[in-house]
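Notes for the structure review
Residues per chain are reported as follows:
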Amino acid sequence: MQIGDFSRDDFLRWCDGPRPAPEQNYFACFSTLWGNRIATDPALMQIPLDDHMVHRADGLFETMRVDDGAMYRWDAHFARLAAGAETIRMPLPWSKDEMADIMREVLRRGGKRDALLRLFVSRGGGGHTAGRAECAGPHLWILAVRRAPNFMDAHPDGAKAVTSAVPVKPGMFARVKSVGYLPNALMAEEAKAKGADFALAYDEDGFLAEMQTENCGIVSAEGVLQVPREDRILRGTTMQRVLELAGEAVVAPGLVKRVERADIPRETVERAEELLVFGTTPVVTAAVSLDGRPVGGGKPGPVWRALTEAMKRDMREAKNLTRLL
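Everything in this summary refers to the structure shown in the same document. (Residues numbered from 1 in each chain as written. Predicted model: local features only at pLDDT ≥ 70, side-chain atom pairs only at ≥ 80, totals over all residues. Heavy atoms only, no water.)

Here we take up the layout of surface pockets. Roughly 800 Å³ of internal volume is contained in the largest pocket. Lining the largest pocket are 38 residues, and of these Thr213, Glu214, Thr280, Thr281 and Pro282 lie nearest its centre. Contributions of two or more residues to the lining of the largest pocket are made by strand S3 (59–67), helix H3 (74–87), strand S5 (115–122), helix H5 (151–154), helix H7 (182–193), strand S9 (208–211), helix H8 (237–251) and strand S13 (274–279). Ranked by the residues each element gives to the lining of the largest pocket, the list is headed by H7, at five residues. (1 Å grid on protein atoms, 1.4 Å probe; cavity = no way out; pocket = protein on both sides within 12 Å on 5 of 7 lines; lining within 4 Å. Points joined across faces, edges and corners; volume = space filled by probe spheres on them. Helix = DSSP H or I, 4+ residues; strand = E, 2+ residues; numbered from the N terminus.)

Here you go:
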C-alpha cells in the first residue's frame, strides 16, 4: 500500500471525484458547525471524526416524514427528542419552531416536496476521550433525503420476518433514540442474510421487544391487539398514534376485543393471527411470515387493513401536519 499526504486541494479533488451511489439520495443538509449554512453538495455533508456522536455514539436523532411539503406529527417527534436530551443531559438550545424553520429551508433548498428529514443533535468535537468537557457542541444537523415508497405499496403481499439472536438494548438505552444503533444494524443485517425484511427481538425474559428500526405488535389468537410494554422499547411515534386510533378503527367495528400493552411471550407471537410493523417509513406493515412459517392465514389481515386506512386519513389531517412548503 502506497501512503501519501492529503491536502486541502486533495480534498477538493476528492469531492469532485466519483461519489458513492447513495449520495444521489441526499438533497440538502444544514449544520450549525458550518455557521448555520446549508450544503446541497453531498460530498460536503461530512461530520468530523472527533465529534462525540461519531466516536462515542453521544448524540440523538429523529426521522420525520414529509409528504407534499407537510411534515407529519412534528410535535410528537420533538417531544421525544426533548425527553431524550433531558435523559442524557444534552443541551437543546433550539426551540421546536426554530427547528421547523430550519427544516423548511432545508427542504426548500433541496428542491423536493416528498422526503425524509433526518435530524441529529451531536455533542460536538474537540477530542477523543469519553469526557464531555472537551466537546465544543452541541451541534444541530438536518438532512433531507429521498423517501422510499411505503413498504406495502412496494410489496403488497406483505413482509417476511425472522427472529433475531441479537440482544436488545437495556433500560434507558432502549428508550432513548440515540445514534448508538449497533444492535439495530446487526439485526438488519441478520434479516437480510436470512432473506427477510424485518428481524424481531425478544428480551432476556423471553418477551417481544422490537424490530431493527421499527416497533411491532400482534393480533393474538384470542383477538387482542397487543404491543410490548414501554420499558424495553423505543416509544415509537407511529405505534403510539396507531394505538390512539385503534379504538375507533379496530375495536369499535369488532375486529379486535381490545388494545393493550403487555408482556408478549414467544409462544403467543408464534400463534398470532397478525404480526404488525410500525414505523415512520413502513407506517403499518403486515408481516405474513415469521421464521419461514405463515402468520395467521399467510396474507395481510383485516386489522392491518383497517389500521392502514386509519393512518392514511390521519396523515392527511391538517392538525397533524406542519406545513413546510
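After presenting the structure, the write-up continues.
Moving on: the sheet that holds S3. Spatial strand order, S2-S1-S6-S5-S3-S4-S16: seven strands in an open sheet with antiparallel pairing. What marks the edges here is a single partner per strand, and that holds for strand S2 (37–39) and strand S16 (321–323). Neighbour to neighbour, the strand axes of the sheet diverge by 25° on average, direction disregarded. With eight bridges joining them, S3 and S5 adopt antiparallel strand pairing. Across the sheet, Thr63 pairs through a bridge with Arg118, a residue of S5. Helix-sheet contacts for H3 involve S3, strand S4 (70–72), S5 and S16, and the interaxial angle to S3 is about 180°. (Pairing = 2+ DSSP bridges. Axes fitted to C-alpha atoms, helices over the stretch in contact; angles between N-to-C directions. Contact = heavy atoms within 4.5 Å.)

The next subject is the environment of Gly17. Considering the arrangement of structural elements, one finds Gly17 in the loop between helix H1 (8–16) and strand S1 (26–31). The class for Gly17 is partly exposed, based on a relative accessible area of 23%. (Buried < 20%, exposed > 50% of the residue type's maximum accessible area, 1.4 Å probe, protein only.)

Just geometry here; none of it tells us what the structure is for.
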